[in-house]
Amino acid sequence: MNKLLTALLGLSSGLLVSVLFFSDVGRQNARASTPDGELASAAQKVYVPHGKKDEYYLFSSGGHSGQLFVYGVPSMRQIRIVPVFSQDAATGYGFDDASKKMMGGYTWGDFHHPAISETAGDYDGQFLFANDVANNRIAAVDLSLFHTTDILKMPNMGGPHAAVFVTPNTEYIVAPTRFARPLGDEYAPLDKYKEKYKGVVTMIQFDRAKKKLNLAYQIVLPPWSYDLSDAGKKMSDGWVVMTTYNTEFATTNLEINASQKDRDYIVMVNWKKLEQEVAAGKANTVNGVKMIDPRDVEGAIYAIPVAKSPHGVDVTPDGTRFVASGKLAPLMTVFSFQKAFDAIAKKDFVANEFGIPVLKYESVMEREVDPPGALGPLHTQFDDRGNAFNTMFISSEVVKWKLDTGEVIDRQPVFYSPGHATAAEGDTAAPDGTYLITGNKIAKDSFLGVGPSHPESLDLFDISGDKMQHLMSVPIPPEPHYSQMVKADKIKPKLIYDKDETRPDSVWKADDARIERKGSEVHVYGVAMRSKFIFDAKAERKDSFTVNQGDRVFLHITNIDLDQDITHGLEVMDYNLNFEIQPGQTSTLSFTADKSGVFPIYCTNFCSALHQEMSGHLLVQPK
Ligand SMILES: [Cu+2]
């Protein structure tokens, strides 16, 4: 009896917690009572038979896994995990010398918001950029190779959470900070927060030919916390809009102290103007980076009051308006760029904060949209028919409404607590209006249990009709922040690496495999091919080599199988080493042979019927 009572009490308190925090009681029943015909229709829409391909790629944030998750839409099959900020044994990322150097000594990152490179405000499918909130880094992924090509460490930053977003022609990759810090890595007590701490936005340029990120300049701002942001396009091209919170300058108990004021700000910055001023030498240098204060440039920065503690602002596909949502105010606000420009021209300012002119809310606001009972609006996406879609974190739903009138057209439950939404090509100048995905923070009872750590989830909706149709939920490892959904035919994956005959460490003919000793350095110029390694073409046993204990060993391995899907791997037993070499790729892995003995080497990536035989030995002679 006691056990039963305890179980019932446990259940009821669990239910109470659900009601209080997620208010989604009854959604399970709603799902269970979906008519069979609708379920069959949903199943058909997501089924992609063998031989057919998905319509879209979904590039989804890997959060604190540091990686990029790649899905196919509408099947929602996970196709790939691309390592970006964290080591990955499966591909050798962070093990081989080049990627290890790129990671800069870090072993993880907190990847929040991917951004595909754009041309004329549209995804061009060439590169994807990502932020590491925890370690102030930005990465570039080559979408022809699905490989990270560069990582840039940004000085003077305090967590680029509101990153990354790109300007319409990828002139800049923009990264605003979440935490204000004293400039120049200086010490200043928290009591000096308002005077000494600064918010910083980093403007990064990308060299597509060299596949390299470059720090262009930084913008110094008041010590507010900058949250999600977007770039203007078309008539608003040249501007970025950023949400802020903690305009209270709280330095402790932010959950209370940063929510005191009814309004925070959207900051509008004119990056084209700042670019000219930086080129004209108007910037200072802090930690080796050009830094400009927009208050020194007339017409470069304005603030607009917004519903408190906003999480996001999104520019409409035509570039005329921006929609902001306050997570502590239950409404979405539509602002007009033209109204803002007119107010600026008339100097219709109501205040001045830190030397920044504050525009009058009523002068810039076009309308407020407040669906009854919809709580916690976070993020807005768009279709091609003038509709906006908002995730509601607290009431666990998506709300579809008309941009021009604010009329609410549909509301559908989400399972559960969605943060971001992603519409097909939804933040470009030309959204598709086909699918919408929500990145959900809570999955609770949606999937088979896997212990205390639950998966997060993605919900897929068909948004092609007036009403949204929930198609499926899929589990996803932590942590779904933002995603981007791009038409599959915009991505042009290469099947093999371009053969680079100029690389001095490549070996393209098996007969050229050789070992060169330089003092205590041993350079192995070897090949991997079906189904053997050749480290030294002239040796009796071509697949083995001997070094002295303490030698520094460099394995320069070229995969000479120039054929699709023939990836080789190479592990060195007991040395905690493994890496992959793709067809046509040369990769170098170096280590110190500090343990003497005999260490089998084998191919770790299944490559042929004789894959098991693809092996050799490292022999380390004792000192
Ligand atoms: Cu192999």
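Just so it is clear, the structure is predicted and the values come from calculations on it, not from any experiment.

Rules used in this analysis
Residues numbered from 1 in each chain as written. Predicted model: local features only at pLDDT ≥ 70, side-chain atom pairs only at ≥ 80, totals over all residues. Heavy atoms only, no water. pLDDT = per-residue confidence, 0-100. Contact = heavy atoms within 4.5 Å. Pairing = 2+ DSSP bridges. Helix = DSSP H or I, 4+ residues; strand = E, 2+ residues; numbered from the N terminus. Axes fitted to C-alpha atoms, helices over the stretch in contact; angles between N-to-C directions. Buried < 20%, exposed > 50% of the residue type's maximum accessible area, 1.4 Å probe, protein only. Phe/Tyr/Trp six-rings, centres within 6.5 Å; stacked < 30°, edge-to-face > 60°.

(A) Expanded view of the confidence of the model for the protein. When pLDDT is averaged along the protein, the result is 92, and 95% of the positions lie at 70 or above. Under a pLDDT of 50 for its full length, residues 1-30 has, in the predicted model, 22 contacts with residues more than four places off or in other chains.

(B) Quick peek at the sheet that holds strand S5 (residues 122-132). Overall, antiparallel pairing links the four strands, which are arranged S4-S5-S6-S7 in an open sheet. Edge positions in the open sheet fall to strand S4 (115-119) and strand S7 (147-153), since each of these has one partner strand only. Strand after strand, the sheet turns through a mean of 30° between neighbouring axes, direction not considered. Here S4 pairs with S5 via four bridges, running antiparallel. Along S5, the bridge assignment pairs Ile116 with Leu128.

(C) Layout of the pairing of strand S33 (residues 483-487). Most of S33 sits out of view: four of its five residues are buried. When strand S1 (residues 56-61) meets S33, the two strands line up antiparallel, connected through five bridges. Residue pairing in the sheet places Tyr56 in a bridge with Lys487 of S33.

(D) The packing of aromatic side chains, seen in detail. This model, assessed by the stated rule, comprises 25 aromatic pairs. Measuring from centroid to centroid gives 5.7 Å for Tyr57 and Phe59, while their planes differ by 10°, and the two rings are stacked. Overall, Tyr57 belongs to the buried group, its relative accessible area being 15%. Taking relative accessible area as the criterion, Phe59 reaches 0% and is therefore assigned buried. Taken together, a centroid distance of 5.7 Å and an interplanar angle of 35° make the contact between Trp239 and Phe341 tilted.

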